[in-house]
Amino acid sequence: MTLPLSDLDDIVAAFGRGEFVALLDDPEREGEADLLQAAVHVTGASLNAMLTYARGLITVAVAPELLERLDIPLLPVRFAEPTTPRFAEPVDYKHGTTTGVSTYDRAVTIRALLDPQATPEDFARPGHVFPLAEAEGGLACRRGHTEGAVALARLAGLPPAVVMCEIMAPDGHMANRDEVAELCRRRGIYMVTVQQVSERLAAPAADQ
């Protein structure tokens, strides 16, 4: 299938403005897509739209130093597949939220992760926001949605934190690439592949 992919500069610009972007994995890997939004732009309304469109689990891909600063540890890995992302302790921000589960509460928590004044004590554990840590070395070491999302944020000049939601089909199965393309067509969402992002990151080194 030929995917209706756009120029990466247009995609990065849209992502930088806060628009949704669909990130497709390598076909030989999971072969799935996540809907992304830069964490600095997330709102309760945008998170609700993301859940409505994509239907999957909301997570936040972040650079590992952010988790270290807020003392949010990685969860133990047991019986996992090699492609399993690095889940960290789920959290809720303790200020300006109620139960923590509404999209509006989760948006507050996600934005608080980027607040330089936030402290570890500001986050209740366990909570309803699931951070995923970027692998050391980023896309050079792991070509997953987490690394691709954080790399896209860096290309856009934004903090390395991205809200992600797996795209599911209306019947509850994971959406295939045709279904992802149709969702993006209907909603006016750009599509990008992990390979596109990885190639852009490698291009400056190749030109030197």
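In the block above lies the structure referred to throughout.
Residues numbered from 1 in each chain as written. Predicted model: local features only at pLDDT ≥ 70, side-chain atom pairs only at ≥ 80, totals over all residues. Heavy atoms only, no water.

Chemist: Describe the side chain of Q37, naming the residues involved and giving the relevant values.
Modeler: Assignment of secondary structure puts Q37 in strand β2 (residues 33-38). A distance of 3.0 Å separates the side chain of Q37 from the backbone oxygen of G18, its partner in a polar contact. A distance of 2.8 Å separates the side chain of Q37 from the side chain of S46, its partner in a polar contact. The contacts of Q37, once residues within four sequence positions are left out, are F15, G18, E19, F20, V42, S46, M50, V162 and V163. (Helix = DSSP H or I, 4+ residues; strand = E, 2+ residues; numbered from the N terminus. Polar contact = N/O pair within 3.5 Å; in protein donor to acceptor, adjacent residues only side chain to side chain. Contact = heavy atoms within 4.5 Å.)

Chemist: Just give me the short version of the pattern of salt bridges, but keep the residues and values in it.
Modeler: Across all of its chains, the model carries seven salt bridges by this definition. Here E182 makes a salt bridge to R185, at a shortest N to O gap of 2.7 Å. Pair noted here: E182 and R185 are both in helix α6 (residues 177-187), with a separation of three residues, about one helical turn. When its relative accessible area of 58% is taken as the criterion, R185 is described as exposed. With a shortest N-O distance of 3.7 Å, E182 and R186 are connected by a salt bridge. Residue E182 and its partner R186 are both found in helix α6; the two are separated by four residues, about one turn of the helix. Each of the salt bridges in this network shares a partner with another, and the network as a whole consists of E182, R185 and R186. (Salt bridge = Lys/Arg side-chain N within 4 Å of Asp/Glu carboxyl O. Buried < 20%, exposed > 50% of the residue type's maximum accessible area, 1.4 Å probe, protein only.)

Chemist: Break down the environment of A45 for me, with residues and values.
Modeler: Examined against the element boundaries, A45 turns out to sit in helix α2 (residues 44-54). Residues A45 and T103, spaced 58 residues apart in sequence, show a C-alpha to C-alpha distance of 7.3 Å.

Chemist: Which residues make up helix α4 (residues 103-112), and what are the values?
Modeler: For α4, a buried count of seven out of ten residues is recorded, marking the element as mostly surrounded by other parts of the structure. Considered for burial, the residues of α4 that qualify are T103, D105, R106, A107, T109, I110 and A112. Against the buried residues of α4 lie α2, β3 (55-62), β5 (91-93), β6 (123-133) and β7 (161-167).

Chemist: Describe the packing of α2 against α4, with residues and values.
Modeler: Where α2 contacts α4, the axes come no closer than 8 Å and their chain directions differ by 115°. In terms of orientation, α2 and α4 fall into the roughly perpendicular class. As α2 runs across α4, the sense of the crossing is right-handed. Listed contacts from α4 to G44, A45, L47, N48 and L51 of α2 are T103, Y104, R106, A107 and I110. Among the residues making up the contact of α2 with α4, the classes are represented as six nonpolar, three polar and one charged. (Axes fitted to C-alpha atoms, helices over the stretch in contact; angles between N-to-C directions. Parallel < 35°, antiparallel > 145°, perpendicular 65-115°, else oblique. Left-handed = near helix turned anticlockwise from the far one by under 90°. Nonpolar A, V, L, I, M, F, W, Y, C, P; charged D, E, K, R; others polar.)

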